[in-house]
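Notes for the structure review
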Amino acid sequence: MFSYQKSFAVAEVLVKAGTIAISGYSAISSDLNTVYGGIAGNTCAGTLDGVHTCNSCIDAASPVNACNQTSVYSSLKLSISFKPTKAITTAAVAKLYLEGATSGTFNAVASIGAATYTTTSTITLETTWSEVCLSAGLNSSCVNSPVTTAVLASRRLRFGIDSDDSGEIEEAEAKTVTIKFHFLPAGAAEVEQALCTTGSGIGMCNITFTPGDEKIYIDTAIYSGADSGASTPGGSVDWESIAVFPVTTTIGGEAAVYSSFANGKATPILKDFVATGTDAGSIPDSRLTGGINNYQLYCMVYATKNKTQNIYKFVTSGVDTSKTCITPSDVVGLLDDKHCFISTAAFGSESAPEVEIFRKFRNQFLVKNFFGRSFVKFYYKVSPPIAEVISRNEYLKASTRVALYPFLFFAILTLKIGFIASTFLMLLVLFGSIKISQRLHKKNAILLLLILFISPSLRADIKPAEQTIEHPQAKEGLVRIQQDGTYIYETPRALKAEASHIRLGQANQPDISISIEQTDATGTPTGIYNDYNFKDFYNEDSGLIIGYDYEWFPWMDQGKLGIQ
């Protein structure tokens, strides 16, 4: 009697960890377990070589479309390579499977015929995104029907070597990665959204900006969570960053930027933010740099980018251009230092509400035009020494506040109703004031004395940031007690009453000359001129100068009265 028995090898994973390499995608997770593929907007321009992704964000068509800077397409190769964990001396088959529309059903999309391998052999399996599109319900050209409907699909790729010679790669002998695929065509309903308030909208749906020096800052941002539901059937893909398109604009054209925006008008600046958890919506780095030039007006069009790299949910309606159209300036970089200026000295604090109003007026109106910038430069050039004098005298502070109140009133009006309307109202007030002063000309002196009398009461009240209480065990000089129990004391420093310094320098002769007409013996001009310069009258050589300065202020407590 003869019997026949076939021996079967035990299935095992022959994919060596750390050797897996994947290419042909929009993005990939750091652990290589999730591959992201995104298609958004119109077809990419240029040649599609099947190896590199394409950029649909250069689309110049209007209205705005969703876009992807690393878009996949039907003929793009999705490639996976790896090395075996051990030498395979018996011919074995390597295969790549893609999960179909039915969960758990895998179809072979690539294979390598029976072969032997060493531990240094590289096995490469590849398919195209056309296969992924088909599994997601699109056609082989990665187009949906109807074309304006978005598609979100999650599919698995399984790959490995048939270790037990069963004819297929089983789950026990394969590695698996997940594909997140998002298709968002031009004209889809998800492309745009209106400005949101807290609790509404999708993604980053309300952002305001402030200017900097060759940069623009994201000032505030309202985040309303992930895109899920009808706009992404089948689930959601986490957001990853804000995409800000800084569009160069001329004054008066701000509104048109948002009504006729096209992706190709600007290259997006991407800023990552925290998408989930208790810190969702926070932005670690709010600076927008790169191609931002000073004294150029930019209107910031923004959208949100998910992990498939699709950029959509553009905020194009309901936008307050005073908060999104910004002019960066080197002046702003200087103005960010809020100390030692006249308004701060007069109102007593850089955080005083009056100073904040002046600051908003500067940012929203002055630095956005040539004359305003020129005024601001002049003001911040002459202001510090004047502010230093004002800050030492309460009566000067009060008088300066009185002088600033009309400008403060104008700034408030401008922020509320605009520059032109405010100017008209202020001219009416000025005209009325002139008429009143003409009627009260005999009483002007009394009126002036009254203003000087009440002006010291017009003082800015500085509210303490911390409540101060007496501590029974604290010695004199305690400033505050920190939360960790640390005592902070003020250390007195004696004022110096004397100072001196030595200066060394070189005196160079000035480059000046004079032309003198000659006369004859009788004193009659001859019409002949001789030129003489400085060295004809003084020594030609320059000399070394040594200077010594000494200052003595014996009454430092009473003021800067002394000898120099």
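Everything below is about the structure printed above this text.
Here's what I pulled together on the structure shown here. (Residues numbered from 1 in each chain as written. Predicted model: local features only at pLDDT ≥ 70, side-chain atom pairs only at ≥ 80, totals over all residues. Heavy atoms only, no water.)

Tallied over the entire structure, the rule returns five disulfides. Across a sulfur-sulfur distance of 2.1 Å, Cys57 and Cys67 are joined as a disulfide pair. With the S-S bond torsion at 85 degrees, the cross-link from Cys57 to Cys67 turns out right-handed. Here Cys57 is found in the loop between strand S3 (34-41) and strand S4 (67-68), whereas its partner Cys67 is found in strand S4, with 10 residues between them in sequence. Judged by its relative accessible area of 0%, Cys67 is buried. (Disulfide = S-S within 2.5 Å. Helix = DSSP H or I, 4+ residues; strand = E, 2+ residues; numbered from the N terminus. Buried < 20%, exposed > 50% of the residue type's maximum accessible area, 1.4 Å probe, protein only.)

The backbone phi angle of Glu214 is positive, close to 55 degrees, even though this residue is not glycine. Considering the arrangement of structural elements, one finds Glu214 in the loop between strand S12 (204-211) and strand S13 (216-223). For Gln309, which is not glycine, the phi dihedral falls at a positive 75 degrees. Of note, Gln309 is situated in the loop between strand S19 (298-306) and strand S20 (310-312). What makes Gln309 buried here is its relative accessible area of 13%.

Moving on, we get to the pairing of S12. The element S12 is largely enclosed, with a buried count of seven among its eight residues. Taken together, the seven bridges between S12 and S13 define a ladder with antiparallel strand orientation. Across the sheet, residue Phe209 finds its bridge partner in S13, namely Ile218. Connecting S12 to the next strand, S13, in antiparallel fashion are four residues, including Glu214 with a positive phi near 55 degrees. (Pairing = 2+ DSSP bridges.)

Burial of strand S5 (residues 77-82) is extensive: five of the six residues sit out of reach of the surface. Sheet analysis places strand S1 (residues 21-23) next to S5, joined by three bridges and oriented antiparallel. Bridge pairing links Ser23 to Ser79 in S5. Inspection of the sheet shows S5 paired to strand S8 (residues 123-128) by six bridges, in the antiparallel sense. Paired with Ile80 across the two strands is Leu125, which belongs to S8.

Here we take up helix H8 (residues 394-417). Working note: α-helix, 3.6 residues per turn, so residues spaced by three or four point in the same direction. When the terminal C-alpha atoms of H8 are compared, their 34 Å separation across 24 residues agrees well with the 34 Å that a helix rising 1.5 Å per residue should span. The largest bend in H8 amounts to roughly 40 degrees and is located at Leu404, with the proline Pro406 lying one to four residues further along. Among the residues making up H8, those that are buried are Lys397, Ala398, Thr400, Arg401, Leu404, Leu408, Phe410, Ala411, Leu413 and Thr414. The distance from a side-chain oxygen at the start of H8 to the backbone nitrogen of Leu396 is 3.0 Å, and the residue carrying that oxygen is Asn393. One or two residues past the end of H8 sits Gly418, with phi positive at roughly 105 degrees. (Expected span 1.5 Å × (residues − 1). Bend = angle between axes of the 7 residues up to and from the residue. Polar contact = N/O pair within 3.5 Å; in protein donor to acceptor, adjacent residues only side chain to side chain.)

It is the contact of helix H6 (residues 353-364) with H8, at a shortest axis distance of 9 Å, that shows an interaxial angle of 55 degrees. With respect to H8, the element H6 is oriented oblique. The element H6 and its partner H8 pack so that their crossing is left-handed. Residues Glu354, Ile357, Phe358, Lys360, Phe361 and Gln364 of H6 pack against Leu404, Phe407, Leu408, Phe410, Ala411, Ile412, Thr414 and Leu415 of H8. (Axes fitted to C-alpha atoms, helices over the stretch in contact; angles between N-to-C directions. Parallel < 35°, antiparallel > 145°, perpendicular 65-115°, else oblique. Left-handed = near helix turned anticlockwise from the far one by under 90°. Contact = heavy atoms within 4.5 Å.)

Per the stated rule, a full pass over the model turns up 13 aromatic pairs. With 6.0 Å between their ring centres and 40 degrees between their planes, Phe261 and Phe314 make a pair best called tilted. Of this pair, Phe261 sits in the loop between helix H2 (254-259) and strand S17 (269-272) while Phe314 sits in strand S21 (residues 314-317), placing them 53 residues apart in sequence. For the pair Phe261 and Phe314, one class covers both residues: buried. Through a chain of ring-to-ring contacts, the aromatic side chains of Phe361, Phe365, Phe410 and Phe419 assemble into a single cluster. Here the basic side chain of Arg158 rests over the ring of Phe106, its NZ or CZ set 3.9 Å away from the ring centre. (Phe/Tyr/Trp six-rings, centres within 6.5 Å; stacked < 30°, edge-to-face > 60°. Lys NZ or Arg CZ within 6 Å of the ring centre and 35° of its normal.)

To continue, consider H6. Between its first and last C-alpha, H6 extends 16 Å over 12 residues, near the 16 Å set by a 1.5 Å rise per residue. All buried positions along H6 are accounted for by Glu354, Val355, Phe358, Arg359, Phe361 and Arg362. On an axial view of H6, the arc spanned by its buried residues comes to 160 degrees, and they lie on one face. (Arc of directions from axis to C-beta.)

All right, on to the side chain of Ser121 then. Counting through the fold element by element, Ser121 comes out in the loop between strand S7 (106-117) and S8. A polar contact is formed between the side chain of Ser121 and the backbone nitrogen of Thr118, at a distance of 3.0 Å. Beyond its immediate sequence surroundings of up to four residues, Ser121 is in contact with Phe82, Lys83 and Pro84.

With that out of the way, let us pick up the nonpolar core. Membership of the largest hydrophobic core comes to 45 residues, with the highest contact counts inside it found for Phe209, Ile242, Phe245 and Phe314. If we ignore the near neighbours within four places in the chain, the residues touching Phe245 are Cys67, Phe261, Asn263, Ala266, Thr267, Pro268, Cys299, Met300, Val301, Ile311 and Phe314. Judged by nonpolar contacts, the second largest core, of 37 residues, contains Val72, Ile80, Phe82 and Ala92. (Core = buried A, V, L, I, M, F, W, Y, C linked by side-chain atoms within 4.5 Å.)

Okay, the pattern of salt bridges next. The final tally for this structure, using the stated rule, is eight salt bridges. Residue Lys305 is joined to Glu240 by a salt bridge in which the shortest nitrogen-to-oxygen separation is 2.5 Å. Of this pair, Lys305 sits in strand S19 while Glu240 is found in strand S16 (residues 239-248), placing the two residues 65 residues apart along the sequence. Exposure remark for Lys305: the relative accessible area of 3% places this residue in the buried category. (Salt bridge = Lys/Arg side-chain N within 4 Å of Asp/Glu carboxyl O.)

Here the side chain of Gln309 touches Lys307 through a polar contact of 3.1 Å, landing on its backbone oxygen. Excluding residues that lie within four positions of it along the chain, Gln309 makes contacts with Ser26, Ala27, Cys67, Asn68, Gln69, Thr70 and Glu240.

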